[in-house]
Amino acid sequence: MEIKAIGCEPLQLKMMHVENGHTLEVYKEHGGYKSLEKAMNMSADEIIDEVKDSALRGRGGAGFPTGMKWSFVPRDSPKPKYIVCNADESEPGTFKDRYLLERDPHALIEGMLIGAFALGVETCYIYYRGEYNYLIEIMDKAIEEAKAANLVGKNILGSDFTCNFYTHTGAGAYICGEETALLSSLEGFRGHPRMKPPFPAVEGVYACPTVVNNVETLTAVPQVIEMGGIAWRDLGTERSGGTKLWSVSGHVKKPGVYELPMGYKDMEKFILEDCGGMLRDDKKLKAVIPGGSSVYIMRADQIEGQDVSMCYEGLVEAGSMVGSGGFMVMDETVDVVESTKNLTEFYRHESCGWCTPCREGTDWLVKIFDRVSAGGGRPEDAQLLLDISDNIEGKSFCPLGDAAAWPIQSAVKRFPEDFKKHLLGNEN
Amino acid sequence: MGSVATDYTNQIEYSDEIAEFSPEVVEEMKSHLTKYPEGRQRSALIPLLFVIQRERGWIDNPGVNFLARFLDLEVSDVWETATFYTMFNMRPIGKHHIQICKTLSCNIMGEPEITDHICSKLGIEPGGTTEDGKFTVTMVECLGSCGTAPMLQVGFDFHENLDREKVDELLDSLD
Ligand SMILES: Cc1cc2nc3c(=O)[nH]c(=O)nc-3n(C[C@H](O)[C@H](O)[C@H](O)COP(=O)(O)O)c2cc1C
Ligand code: SF4
Ligand code: FES
């Protein structure tokens, strides 16, 4: 598996191939914690403004501007405030955070410390998906190292800034990646999402102001402070600042984690050259899911010769979304009915069961897919799948419902021939 | 998987027995409590359920009773949380828990063949446990290892870029 930057200097991936890059000593040798020192000589507003200028948008999937999210945290709240790092990484096709957590834990600590300093946060939690349990030891050691070096804990670097770090795990539930469900889970409850508003920035964990950010979002913060917001933004496009990690899987020769400048051109070249081309030379590209399982599936002809720009606005224009950057490539051997069935089973399994459209809808969808897949599909089943999806989208309590609907809506509309193949001849 | 968890809990024989743990384990449990603010000890529930599972092999009734007392919760509070999360086993399982990722990237990169191979070798269906109690095979959703598909997890260990030979070696190495 490849881990490398293309079209830019490795920033997020800077420490990936450095021996012992996960240790404090080596991290510092590479300039680590300089950004924290710099930030601690800035005011809260200056830090937040740099992050706003950077056009850094949340890397967890929703793409919400990070500086704006930080500015929603009330300054004068008498309650304690929290930063919770979302290391739940469970979106199918996504595996970038795992490498950051494994090989660059101090970048995450530094990013969270900068946020904590700006927002007056004294407690940080890192919420890992339970299956990443084996990575926790690495972070716990990094926290201990940082503590011993007076970078974490009381009176950081001799100032009156105090901040403690704790790791925490979930136990197998995709929904706990949704930020409010994550907070329920962190409090020891079932991972049910909560009503918004109030947003976590105002009322999050323990009903206190809480910033929830993805791992990759937070590890970008030290770079933003080091380079300055505008300079970092200019690595990418005006509305999609900086660089972004893409987790590439499926039918390419070189799957892996790639760092690209936002606005990288173009997606076809990325697949056919940077990722080594199609896994089997005699098989053509059929489809790409560019941003994790929840986004619209793209047809090859939406990519080939289209100069698709890999950034938030570029992917929307091309008919999909950046999402979490989980880039799944499928060749012509894939039957889109089967691939969509696979993802629908995922959503049925991961539906938390709280609201009816999602809980019942995903179950019906799987039942219809089972029927179609087994050869008993009815001609109207493609339309039925669409109708049910439309009744889940926008009518569910949290975005997991939408995430279940979008793959189906796009698959039925963009790959009608695959559905026809299954449904033809079943008129009687 | 909500529905399956319910099936298992229906089979649980409830008892008032409270599990006992060594002083070291109790200390370990107490150390989790220090991460959370006063009065928020319920936050430690998931980490502590992992300790129960490690010590007792699964989430059993005496273990749950212990946790309820330890955290000053109702027994039903503990069940409520435990039954939501797929990583908690609501029944005894084999010594080695083989969890095969069945989600899209693994699926198109050869998971079905790996699954067939493992299951026919062990003589069980997914979800089953071998008669000697050594292996349980479970199909699970994406484990964040899609670039090195197909993959599976045994306990907490990842095994990636699998083919039949690697699976054979792996199964032989587990005693
Ligand atoms: C069903 C669902 C699953 C999600 N899973 C994750 C996840 O695994 N990791 C993550 O960082 N964000 C995930 N998110 C997005 C979070 O709700 C939230 O937007 C994000 O953590 C905010 O951080 P960011 O602004 O830095 O991206 C998920 C959202 C939904 C609706
Ligand atoms: S949409 Fe699905 S996951 Fe979200 S609250 Fe409803 S049932 Fe739960
Ligand atoms: S699809 Fe199997 S690890 Fe992601």
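Residues numbered from 1 in each chain as written. Chains lettered and ligands numbered in written order. Predicted model: local features only at pLDDT ≥ 70, side-chain atom pairs only at ≥ 80, totals over all residues. Heavy atoms only, no water.

A tally of regular secondary structure across chain A gives 17 helices and 12 strands. For a compact globule of 428 residues, the expected C-alpha radius of gyration is about 22 Å, and chain A comes in at 22 Å, within 12% of that figure. For chain A, the spread of C-alpha atoms along the three principal axes comes to 80 × 45 × 35 Å. Relative to its full complement of 428 residues, chain A shows a buried share of 62%. A sequence separation of at least 24 residues applies to 72% of the contacts in chain A between residues at least 6 apart. On chain A, the mean spot of the 45 positive side-chain charges and the mean spot of the 64 negative ones are 2 Å from each other. (Helix = DSSP H or I, 4+ residues; strand = E, 2+ residues; numbered from the N terminus. Rg over C-alpha atoms; globule rule 2.2 N^0.38 Å. Buried < 20%, exposed > 50% of the residue type's maximum accessible area, 1.4 Å probe, protein only. Contact = heavy atoms within 4.5 Å. Lys, Arg positive; Asp, Glu negative; His and termini not counted. Charge placed at Lys NZ, Arg CZ, Asp CG, Glu CD.)

A separate point is the packing of aromatic side chains. This model, assessed by the stated rule, comprises 24 aromatic pairs over all chains. Pairing tyrosine 258 of chain A with phenylalanine 270 of chain A gives two aromatic rings, centres 5.5 Å apart and planes at 85°, and the pair type is edge-to-face. Highlighted residues: tyrosine 258 of chain A in strand β7 (residues 256-261) and phenylalanine 270 of chain A in helix α11 (residues 267-274), separated in sequence by 12 residues. Three or more aromatic residues joined by ring pairs form one cluster here, namely Tyr82, Tyr125, Tyr166 and Tyr206 of chain A together with Tyr36 of chain B. The positively charged end of arginine 57 of chain A is found above the aromatic ring belonging to tyrosine 312 of chain A, 4.0 Å away from the centroid. The lysine or arginine in question, arginine 42 of chain B, covers the ring of phenylalanine 189 of chain A, its NZ or CZ lying 3.8 Å from the ring centre. (Phe/Tyr/Trp six-rings, centres within 6.5 Å; stacked < 30°, edge-to-face > 60°. Lys NZ or Arg CZ within 6 Å of the ring centre and 35° of its normal.)

Below, the discussion takes up the domain arrangement of chain B. Parsing chain B into structural domains produces domain 1 (9-82) and domain 2 (96-173). For domain 1 of chain B versus domain 2 of chain B, the distance between C-alpha centres works out to 29 Å. (Domains from an automatic or database assignment.)

With that out of the way, let us pick up the site of ligand 1. Residues and elements named next belong to chain A. Taken together, the neighbourhood of ligand 1 is formed by 19 residues, with Gly60, Asn86, Asn213, Asn214 and Thr217 sitting nearest. In the environment of ligand 1, an oxygen atom lies 2.7 Å from a nitrogen or oxygen atom belonging to the backbone of glycine 60. If ligand 1 stood free it would expose 610 Å²; the protein chains cover 91% of that surface. Per-element tally for the shell around ligand 1: the top contributor is strand β5 (residues 210-214), with three residues. Looking at the shell around ligand 1 residue by residue, the classes come out as five nonpolar, eight polar and six charged. (Near = heavy atom within 4 Å. Polar contact = N/O pair within 3.5 Å; in protein donor to acceptor, adjacent residues only side chain to side chain. Areas by Shrake-Rupley, 256 points an atom, 1.4 Å probe, with all protein chains shown as cover. Nonpolar A, V, L, I, M, F, W, Y, C, P; charged D, E, K, R; others polar.)

With that settled, consider the interface of chain B and chain A. When the parts come together, some accessible area is lost, and that loss is often what is quoted as the size of the interface. Taken residue by residue, the interface counts 39 residues in chain B and 54 residues in chain A. Note on chain B versus chain A: buried area summed over both sides is about 3,700 Å², and carbon and sulfur give 60% of it. Linking chain B with chain A are two salt bridges. Viewed at the interface, chain A and chain B are joined by 26 residue pairs in polar contact (both at pLDDT 80 or more). Those elements giving two or more residues to the side of chain B that touches chain A turn out to be α3 (45-56), α5 (75-82) and α6 (104-108) of chain B. The residue makeup of the side of chain B that touches chain A, split by class, is 19 nonpolar, 13 polar and seven charged. (Buried area = accessible area lost by both parts, 1.4 Å probe. Salt bridge = Lys/Arg side-chain N within 4 Å of Asp/Glu carboxyl O.)

Residue and element names in this part refer to chain A. Looking at the secondary structure, you find threonine 123 in strand β3 (residues 123-128). You can call threonine 123 buried: its relative accessible area is 17%. If we ignore the near neighbours within four places in the chain, the residues touching threonine 123 are Lys81, Tyr82, Ile83, Cys163, Asn164 and Tyr166.

Moving on: the environment of valine 26 of chain A. Residue position: valine 26 of chain A is located in helix α1 (residues 24-29). When neighbours within four sequence positions are excluded, valine 26 of chain A is seen to be in contact with Met15, Val18, Glu19, Asn20 and Gly21 of chain A.

Next up on the list: the sheet that holds strand β9 (residues 285-289) of chain A. Residues and elements named next belong to chain A. If you trace the six strands from one edge of the open sheet to the other, you get β1-β7-β6-β12-β9-β10, paired in mixed fashion. Each edge of the sheet is formed by a strand with only one pairing partner; in this case those strands are β1 (2-5) and β10 (298-299). Inspection of the sheet shows β1 paired to β7 by four bridges, in the parallel sense. If you follow isoleucine 3 over to β7, its bridge partner there is valine 257. (Pairing = 2+ DSSP bridges.)

Our next topic: the confidence of the model for chain B. Residue and element names in this part refer to chain B. Here chain B shows a mean pLDDT of 93. Residues at 70 or above account for 93%. Of the regions scoring below 50 in pLDDT, residues 1-6 engages in three contacts with residues more than four places distant in sequence or in other chains. Here the predicted complex carries an ipTM of 0.96, next to a pTM of 0.97. (pLDDT = per-residue confidence, 0-100.)

Each neighbour pair has its own omega, and for proline 197 of chain A with proline 198 of chain A the value is 0°, a cis peptide bond. With respect to the helices and strands, the residue proline 198 of chain A is situated in the loop between α8 (179-186) and β5. For the bond from alanine 149 of chain B to proline 150 of chain B, the omega torsion is -5°, close enough to zero to count as cis. By secondary structure assignment, the location of proline 150 of chain B is in the loop between β2 (135-140) and β3 (152-154). The backbone of tyrosine 33 of chain A sits at a positive phi, close to 70°, despite the residue not being glycine. Along the polypeptide, tyrosine 33 of chain A turns up in the loop between α1 and α2 (34-40). By relative accessible area, tyrosine 33 of chain A is classed as buried at 1%. For alanine 207 of chain A, which is not a glycine, the phi torsion comes out positive at approximately 60°. Within the secondary structure layout, alanine 207 of chain A lies in the loop between α8 and β5. Accessibility expressed as a relative area gives 33% for alanine 207 of chain A, which makes it partly exposed.

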